[in-house]
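Structure assessment
Letter by letter, the chains look like this.
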Amino acid sequence: MATEKRADVYLGGPATIDLLVAELSGLRAGKARELAAGVVSLAPGALVDPAFARQVLPGAREASGKSASELAGAILDGAGLVPDLEVTVPELERRGSRALEQHPLAGAEAELVNLLGKKVAGRAVKHGEARVPGVRLRVLLLEPWHAWWCLTPVRDVPPLLAWPSPFPGGRALGEAPRDAPSSAHRKLDEALAWLGVHPREHDLVLDLGAAPGGWSSVALGYGARVVAVDRAALDAKVAAHPRLTHVKQDAFGYLPEETPTWLLCDVIAEPARSFELARRALESPALHALVVTLKLKRPAKLEVVRAARALARDTSGWLGRCKQLVANKLEVTLLMRRADLAT
Ligand SMILES: C[S@@+](CC[C@H](N)C(=O)[O-])C[C@H]1O[C@@H](n2cnc3c(N)ncnc32)[C@H](O)[C@@H]1O
C-alpha cells in the first residue's frame, strides 16, 4: 500500500519501444527503464516530446495495493480529491490492422475508475475534504493493483500542442471500424483528431499514394474535392465518386493543375523524399494543412524524425507535431496546420 518513487513515464507502441528509448537518449539525460511493454520511465527531468511517445506522465509516482480499493485509496492519499480522472493501461501490440481484442486489464481498469470516482465523492461528503480543481489525475495501471499516477494542470491547449496529450494514453480513436476500402483510414482519422481540423467542402485535397482509397474516402466524407494520385487502382466505389479525380502517375513528379489546400501523402517511399515533399508544400500560400507519413525501415535512422520534429516546431505561421500514431507501424506522421486556420 505504499506510494514510493517518482519518475517521468513515457508511453509508446510496444513494437517500437527501442526507438522511443533511442529518441529519449538524444533529447534528455537519464537512463530509460522499461516498466512494461511500450512504457519507459526515467528519473524526473526535462519534459521532452519524442515522436515515438504518445503520452507522458511527468513526475509520476508509483502506487500499489492488495486490492483495487487499496490502490485507489493510496493514489487519492497522495493526489487529493481530484474529480478530473483519466485511467489508462499500456497499449497492446497490434497484429495486422484489425481492431484489438479486449485488453486483459480492461476489467481492472473499469474497477479502478469506478472506485476512484466513488472514493472522491465519498471522502468529500464524509470528511468534508475539498475537491482539487484545475488539475487532472492521470493513472497508468500496469497490473492489478500497481499503477503510476501524476497530476497535471488542465490547460486550454489544442491537442496538436498539448503535452501530456489530452487523449487517454495518447490514443485519439476508439476501435470502432468504419465503412472504408481499407483500414488505412484509421491513420487519417487519428491524424485529424490530433490536428483538430479536417478538410471542408471548399477544400481541394491532394492525396498522394491514395490507393485503395481509405484517406480519400475520409476527405470525401468531409465534403472536399479530392485528387488521388497513385499508379495502382482505387476501390471502385471511391474511384466512381463525383468529387474525386484519379491521376495514375508518379506522386513525386505530379504537378497539380489546381493548387491544393490540403496535402495528404501516404506513399511508400524513402522518408527523406516524403519529408522534402512536405517541406516544399509548406511554401504554398494556398495550403491549409498537411498529413504526411514518413515510413522507416529497420535499422531505423532517426535523422528524418528529428528533422520532421524541428520542421513541425519551427515553421513560422504553422502549428505542427510529428508523432507515431497508434495506427502507424514503423512510421511516423508529420501533422501541420496553419496557425490561423479556424477549428
Ligand atoms: C500505404 S498505401 C496507401 C494507402 C492509402 N493511404 C489508403 O488510405 O488507402 C501506399 C500507396 O503508395 C503507392 N505508391 C508507392 N509509390 C508511389 C509513387 N511513386 N507514386 C504514386 N503512388 C505510389 C502504392 O501504389 C500504394 O497504393
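Only a predicted model underlies this, so the values are computations on that prediction, with no experimental measurement involved.

1. Re the site of the ligand
Taken together, the neighbourhood of the ligand is formed by 21 residues, with A184, G209, G214, A251 and D266 sitting nearest. Here the residues of the shell around the ligand sort into 12 nonpolar, 5 polar and 4 charged.

2. Brief notes about the pairing of strand β9 (residues 225-229)
Of all 5 residues in β9, 5 are buried; the element is thus mostly enclosed. On β9, burial covers both faces: R225, V227 and V229 on one face and V226 and A228 on the other are all buried. Of the strand pairs in this sheet, strand β8 (residues 204-208) and β9 are connected by 5 bridges, and their pairing is parallel. By the bridge assignment for β9, L204 is matched with R225. Handedness of the crossover joining β8 and β9 through helix α5 (residues 214-221): right-handed. In the sheet, β9 pairs with strand β10 (residues 244-247) via 4 bridges, with the strands oriented parallel. In the strand pairing of β10, A228 is matched with H246.

3. Points about the environment of A240
Assignment of secondary structure puts A240 in the loop between α6 (236-239) and β10. Along the sequence, A240 and I75 sit 165 residues apart, while their C-alpha atoms lie 56 Å from each other.

4. Points about the pairing of strand β12 (residues 289-295)
Remark: a regular strand shows side chains that alternate across the two faces of the sheet. Taken across its 7 residues, β12 has 6 buried, putting it largely inside the fold. Alignment of strand β11 (residues 262-265) against β12, held across 4 bridges, turns out to be parallel. Its bridge partner being in β12, L263 is matched across the sheet by L290. Remark: the β11/helix α7 (residues 271-281)/β12 crossover connection has right-handed handedness.

5. A closer look at the domain arrangement of the protein chain
Here the protein chain is described as being made up of domain 1 (3-170) and domain 2 (185-338). Put simply, the middle of domain 1 and the middle of domain 2, counted by C-alpha atoms, are 31 Å apart. In this assembly, 13 residues from domain 1 lie in contact with 17 residues from domain 2. Across the side of domain 1 that touches domain 2, the residue classes tally to 8 nonpolar, 3 polar and 2 charged.

6. A look at the packing of helix α4 (residues 185-195) against α5
Look at α4 against α5: their axes get within 7 Å of each other, and the N-to-C directions meet at 45°. As the angle between them shows, α4 and α5 are arranged oblique. Crossing handedness for the pair α4 and α5: right-handed. Residue-level contacts link H185, L188 and D189 of α4 to G214, W215, S217 and V218 of α5. Partitioned by chemical class, the residues of the contact of α4 with α5 number 3 nonpolar, 3 polar and 1 charged.

7. Observations concerning the packing of helix α2 (residues 68-79) against helix α3 (residues 106-127)
As a packed pair, α2 and α3 sit with axes 9 Å apart at the nearest point and diverge in direction by 55°. Classified by the angle between their axes, α2 and α3 sit oblique to one another. Crossing handedness for the pair α2 and α3: right-handed. The segment α2 lies against α3, with A68, S69, L71, A72, G73, I75 and L76 engaging A108, E111, L112, L115, L116, K119, V120 and R123.

8. Observations regarding the sheet that holds β12
Taken together, 7 strands build an open sheet; the order of strands is β10-β9-β8-β11-β12-β14-β13 and the sheet is mixed. Only two strands of the sheet have a single neighbouring strand rather than two, namely β10 and β13 (318-323). Neighbour to neighbour, the strand axes of the sheet diverge by 15° on average, direction disregarded. Here helix α8 (residues 303-314) sits on the sheet in contact with β12, β13 and β14 (331-338), set at roughly 155° to β13.

Definitions and cut-offs
- Residues numbered from 1 in each chain as written.
- Predicted model: local features only at pLDDT ≥ 70, side-chain atom pairs only at ≥ 80, totals over all residues.
- Near = placed C-beta within 6 Å.
- Nonpolar A, V, L, I, M, F, W, Y, C, P; charged D, E, K, R; others polar.
- Buried ≥ 20, exposed ≤ 12 C-beta atoms within 10 Å, placed from the backbone.
- Helix = DSSP H or I, 4+ residues; strand = E, 2+ residues; numbered from the N terminus.
- Pairing = 2+ DSSP bridges.
- Right-handed = clockwise from strand over helix to strand, strands pointing away.
- Domains from an automatic or database assignment.
- Contact = placed C-beta atoms within 7 Å.
- Axes fitted to C-alpha atoms, helices over the stretch in contact; angles between N-to-C directions.
- Parallel < 35°, antiparallel > 145°, perpendicular 65-115°, else oblique.
- Left-handed = near helix turned anticlockwise from the far one by under 90°.

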